[in-house]
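Chain by chain, the residues:
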Amino acid sequence: MHAISRGVRNRRWFTGLVLSTALLSVGCRGGQVPAKDLGADIDDVAATLIEQPLVHSASIAVVYRGQEFIRHRGDMEAGKPGPPTDATLYEIGSLSKTLAGTLMANAVLERRLGLDDDIRMYLQGDYPNLQYNGEPIRIRHLLSHTGGLPNMLPDRANTVLADFTNHRTPQALNALYAGYGKADFFRDLHAVEIRQAPGKDYAYSSTGTELTAHILETVYASDYASLLRGFFGDSAAMTGLRIRVDDTEAARLAVGYHSDNPVPTTPMPQLPWGASGNVKATVPEMVKYLKFQLADGPVVQESHRALVTFDPEFSIGYFWNIVAGDRLKGTYYAHHGGVPRSQCYIYILPRYDLGIFVITNQSGDETAHAMEAAIDTLVERIAARENTTG
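Residues numbered from 1 in each chain as written. Predicted model: local features only at pLDDT ≥ 70, side-chain atom pairs only at ≥ 80, totals over all residues. Heavy atoms only, no water.

**Some points on the overall build of the protein**
From N to C terminus, the protein includes 12 helices and 14 strands. The C-alpha atoms of the protein give a radius of gyration of 20 Å, which matches the 21 Å a tight globule of 390 residues would have. Principal axes of the C-alpha set define a box for the protein whose edges measure 60 × 45 × 40 Å. Taken over 390 residues, the protein has a buried fraction of 58%. For the protein, restricting intrachain contacts to residue pairs at least 6 apart in sequence, the fraction spanning at least 24 positions comes to 70%. Summed over all atoms, the accessible surface of the protein reaches about 15000 Å², with 49% contributed by carbon and sulfur. Both charge centroids of the protein, one from 36 positive and one from 43 negative side chains, sit 2 Å from each other. (Helix = DSSP H or I, 4+ residues; strand = E, 2+ residues; numbered from the N terminus. Rg over C-alpha atoms; globule rule 2.2 N^0.38 Å. Buried < 20%, exposed > 50% of the residue type's maximum accessible area, 1.4 Å probe, protein only. Contact = heavy atoms within 4.5 Å. Areas by Shrake-Rupley, 256 points an atom, 1.4 Å probe, with all protein chains shown as cover. Lys, Arg positive; Asp, Glu negative; His and termini not counted. Charge placed at Lys NZ, Arg CZ, Asp CG, Glu CD.)

Below is the structure:
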């Protein structure tokens with residue numbers, strides 16, 4: 001990985017590392033600052049976001065010094081009046097990984113496992129391939145994308161995603177994952193070749209997140225979906241998280257568009273565990289997640305702990321991207337998420353006691369840029385307000 005904290009090399013679906021480092025020097029001071037004008041700022045940012053080419057609608061959630069804001073703008077379907085609402089169920093893509101990382105942080109604190117455990121301790125059967133010159137893939141390598149595992153299994157999915165904007169991509173993914181279950185995943189895992197020592201180089205891997213879910217299932221003797229609902233229901237009052245949806249819930253899924261295709265596309269195909277990209281949530285649920293992150297309890301602190309530092313500006317915690325040295329944002333924690341018909345971001349900025357979640361119902365090469373600009377504008381306005389009134 002090269003200078004990932006200064007920008008993004010690959011903004012395609014599942015990259016998960018689309019990070020912005022706006023270097024606008026705006027000083028700030030601490031203190032409890034009123035947010036009386038922030039609602040109007042969020043309105044402006046949301047209105048600007050949906051003016052971007054191909055972006056039909058957007059939802060923004062902000063938690064700032066304890067105050068909560070939600071804004072929905074645009075129409076879900078082109079030419080059909082109907083904005084998203086608090087009941088809209090969004091596919092949050094690779095933001096799902098931060099939830100898996102949080103569950104793993106809790107497991108570490110509960111001493112269910114150790115970060116330096118060989119992952120093969122939790123696999124049935126023999127996997128001599130999951131090592132390099134005697135150095136095994138360890139749990140910390142899964143969490144930091146340094147295990148040398150492929151992005152996706154089956155391997156054909158990586159070829160499909162390399163041409164992400166092709167209008168045939170969603171259909172090709174659906175065909176690949178139709179009936180692709182855990183047994184298929186483990187069969188393909190036997191064929192993986194590790195080409196370098198784990199822990200050294202970054203290689204984004206949804207495969208590693210799916211393995212993380214399997215390990216959690218093993219140590220807790222429970223299915224991943226139940227673990228997800230149980231922990232976040234108890235810890236963050238997030239009772240609406242879903243990996244799979246029933247027919248009633250499917251009717252609430254956000255309609256979305258892939259690339260520049262004017263025809264709405266299909267939902268994200270189901271992965272074996274779903275931990276790497278299948279979580280669905282409403283915007284009010286994501287407000288709860290922002291509040292949970294900003295409360296900075298022991299599990300959150302552990303999940304934000306750097307497991308690998310690549311350079312002075314960029315580290316990775318429990319799937320969280322950690323950016324330091326940003327003159328505007330300070331040290332912050334972020335993740336990008338994307339599926340063929342939606343992209344989103346989450347930012348946690350302790351400097352301002354600020355959390356931001358932005359999601360659109362369009363997924364293309366320029367979607368992330370548009371959301372980055374929206375987030376940067378919000379942070380700039382908050383920083384300017386604190387500088388003026390703090």
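**So, unusual backbone geometry**
That bond from Leu-153 to Pro-154 is cis: its omega, 0 degrees, falls within 30 degrees of zero. Topologically, Pro-154 is positioned in the loop between helix H3 (139–143) and helix H4 (156–162). Although it is not a glycine, Leu-54 adopts a positive phi angle of roughly 75 degrees. Relative to the helices and strands, Leu-54 is located in the loop between helix H1 (38–49) and strand S1 (57–64). Even without a glycine there, the phi angle at Arg-111 is positive, about 60 degrees. With respect to the secondary-structure elements, Arg-111 resides in the loop between helix H2 (96–109) and strand S4 (131–132). The exposure class of Arg-111 is exposed, given its relative accessible area of 76%.

**Section: helix H8 (residues 224–236)**
Under the 1.5 Å per step criterion, the end-to-end length of H8 is 17 Å for 13 residues, consistent within 8% with the ideal 18 Å. Along H8, the residues that are buried comprise Tyr-224, Leu-227, Leu-228, Phe-231, Phe-232 and Ala-236. Down the axis of H8, the buried side of the element spans an arc of 100 degrees, and every buried residue falls inside it. Structurally, H8 contributes buried residues whose contacts are with H2, helix H7 (206–220), helix H10 (283–295) and helix H11 (298–303). (Expected span 1.5 Å × (residues − 1). Arc of directions from axis to C-beta.)

**Comments concerning the packing of H2 against H10**
At their nearest, the axes of H2 and H10 sit 13 Å apart, and the two run at 45 degrees to each other. One finds that H2 runs oblique with respect to H10. The hand of the H2/H10 crossing is left-handed. Each of Thr-98, Leu-99 and Thr-102 in H2 lies in contact with H10, whose residues at this interface are Tyr-289, Phe-292 and Gln-293. (Axes fitted to C-alpha atoms, helices over the stretch in contact; angles between N-to-C directions. Parallel < 35°, antiparallel > 145°, perpendicular 65-115°, else oblique. Left-handed = near helix turned anticlockwise from the far one by under 90°.)

**Topic: the confidence of the model for the protein**
Overall, the predicted model of the protein reaches an average pLDDT of 90, with 90% of residues at or above 70. With pLDDT under 50 throughout, residues 1–35 is counted as low confidence; its partners more than four residues away or in other chains account for 120 contacts. (pLDDT = per-residue confidence, 0-100.)

**Observations concerning the pattern of salt bridges**
Inspection of every chain in the model, using the stated rule, returns 21 salt bridges. We note a salt bridge from Asp-43 to Arg-71, for which the minimum N-O separation is 2.7 Å. Separated by 28 residues along the polypeptide, Asp-43 in helix H1 and Arg-71 in strand S2 (residues 67–74) bring together distant segments of the chain. Arg-138 is the partner of Glu-135 in a salt bridge, and the nearest nitrogen-oxygen pair spans 3.1 Å. When salt bridges with common partners are traced through the structure, they connect Asp-41, Asp-44, Arg-381 and Arg-385 into a single cluster. (Salt bridge = Lys/Arg side-chain N within 4 Å of Asp/Glu carboxyl O.)

**Here's the deal with the packing of aromatic side chains**
What the rule picks out here adds up to 13 aromatic pairs. A centroid spacing of 5.5 Å and a plane angle of 80 degrees characterise the contact between Phe-186 and Trp-273, whose relative ring orientation is edge-to-face. Of this pair, Phe-186 sits in helix H6 (residues 182–189) while Trp-273 sits in the loop between strand S6 (257–258) and strand S7 (280–281), placing them 87 residues apart in sequence. Judged by relative accessible area, Phe-186 falls into the buried class, the value being 18%. Where Phe-231 meets Phe-292, the ring centres are 6.2 Å apart and the plane angle is 85 degrees; that geometry is what we call edge-to-face. With Phe-231 in helix H8 and Phe-292 in helix H10, this residue pair connects regions lying 61 residues apart in the sequence. In terms of burial, Phe-231 and Phe-292 fall into one category: buried. These aromatic residues form a ring-pair network of at least three members: Phe-231, Phe-232, Tyr-289 and Phe-292. (Phe/Tyr/Trp six-rings, centres within 6.5 Å; stacked < 30°, edge-to-face > 60°.)

**Observations concerning the sheet that holds strand S12 (residues 342–349)**
Spatial ordering of the open sheet is given by S2-S1-S13-S12-S11-S10-S9-S8, a layout of 8 strands whose pairing is antiparallel. On the outer flanks of this sheet lie S2 and strand S8 (308–311), each paired with one strand and no other. Going from strand to strand, the sheet's axes swing by 15 degrees on average, the running direction of each strand aside. Pairing between strand S9 (residues 314–316) and strand S10 (residues 321–326): 3 bridges, direction antiparallel. The residue bridging Ser-315 from the neighbouring strand is Ile-322, located in S10. The strands touched by H1 within the sheet are S1, S2 and strand S13 (354–360), with S2 carrying the most contacts at an inclination of about 30 degrees. (Pairing = 2+ DSSP bridges.)

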